[in-house]
Amino acid sequence: LADNSEKPAKLIGLDKASDVALLKIDASGLQAVKIGDSSKLEVGDWVLAIGSPFGLEHTATQGIVSAVGRSLPDGNYVPFIQTDVAVNPGNSGGPLFNIDGEVVGINSQIYSRSGGYMGLSFAIPTDVALRVADQLKTHGKVMHGRLGIGIQGLDQTLAQSFGLTDSNGAVVGTVEPDSPASKAGFKAGDVIRERLTLVEGIVF
């Protein structure tokens, strides 16, 4: 803890898909952080990370939100907050604060060709982390929605090949057999141009 004391922790649950775990410690007099609404973050907002990069305790680094709802190619279920906050070994897993001192994310990973920070950091939004924690506390596991579809961006060249006047939308690349997307009638090569409901409770 902040006063260098150590407490044993009990693992309540772990969700590998979102990289979030719920721990419990028996302690009193601890001051909790304020949780902010990560859904209100906008590109350009200032954010701050606190952690111990390379063992340097209580280090703060700052930057801006570079993107929200960022999907990464590892296929997990997290719409990451992308920032340019310096994150290195030791402060990943630490909190990401907004300008009001509220935690809006958990610093999770970086993109790097060298193993060190290169200007691209990714944080798990607090609204995702809280949903996961609540399910772990209540059920001991987390249920994730599944579409069973792989899509790619629609660029101008692709749009022209489909006879479209603009590049707004996405192209269906793959559809898993017996998936919700397959049952809804999606096929490889389809172009999605607007939001619609595939199955009850899942919006694509």
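Details of the structure are given in the entry above.
Reference entry: report on the structure contained in this document. (Residues numbered from 1 in each chain as written. Predicted model: local features only at pLDDT ≥ 70, side-chain atom pairs only at ≥ 80, totals over all residues. Heavy atoms only, no water.)

Description of helix 1 (residues 126-139)
Part 1 of the reasoning: With 14 residues, helix 1 ought to run about 20 Å at 1.5 Å a step, and its terminal C-alpha atoms sit 19 Å apart, in line with that.
Part 2 of the reasoning: For helix 1, every residue scored as buried is listed here: Thr126, Val128, Ala129, Val132, Ala133 and Leu136. Along the axis of helix 1, the buried residues cluster in a sector spanning 155 degrees; they form a single face. Summarising the geometry of helix 1, the exposed residues directed more than 90 degrees from the buried face are Arg131, Thr138 and His139.
Part 3 of the reasoning: The inward-facing, buried residues of helix 1 abut strand 1 (9-15), strand 2 (20-25), strand 7 (103-110) and strand 8 (121-125).
Part 4 of the reasoning: Backbone geometry just after helix 1 places Gly140 at a positive phi near 80 degrees. (Helix = DSSP H or I, 4+ residues; strand = E, 2+ residues; numbered from the N terminus. Expected span 1.5 Å × (residues − 1). Buried < 20%, exposed > 50% of the residue type's maximum accessible area, 1.4 Å probe, protein only. Arc of directions from axis to C-beta. Contact = heavy atoms within 4.5 Å.)

Structural notes on the environment of Glu6
Part 1 of the reasoning: Residue position: Glu6 is located in the segment before strand 1.
Part 2 of the reasoning: Counting along the chain gives 129 residues from Glu6 to Gln135, while the straight-line C-alpha distance between them is 27 Å.

Regarding the sheet that holds strand 5 (residues 80-83)
Part 1 of the reasoning: An order of 3-4-5-8-7-6 is seen for the six strands of this closed barrel, with the pairing classed as antiparallel. The sheet shows a mean angle of 45 degrees between the axes of neighbouring strands, direction not considered. (Pairing = 2+ DSSP bridges. Axes fitted to C-alpha atoms, helices over the stretch in contact; angles between N-to-C directions.)

Treat this as a map of the structure, not an account of what it does.
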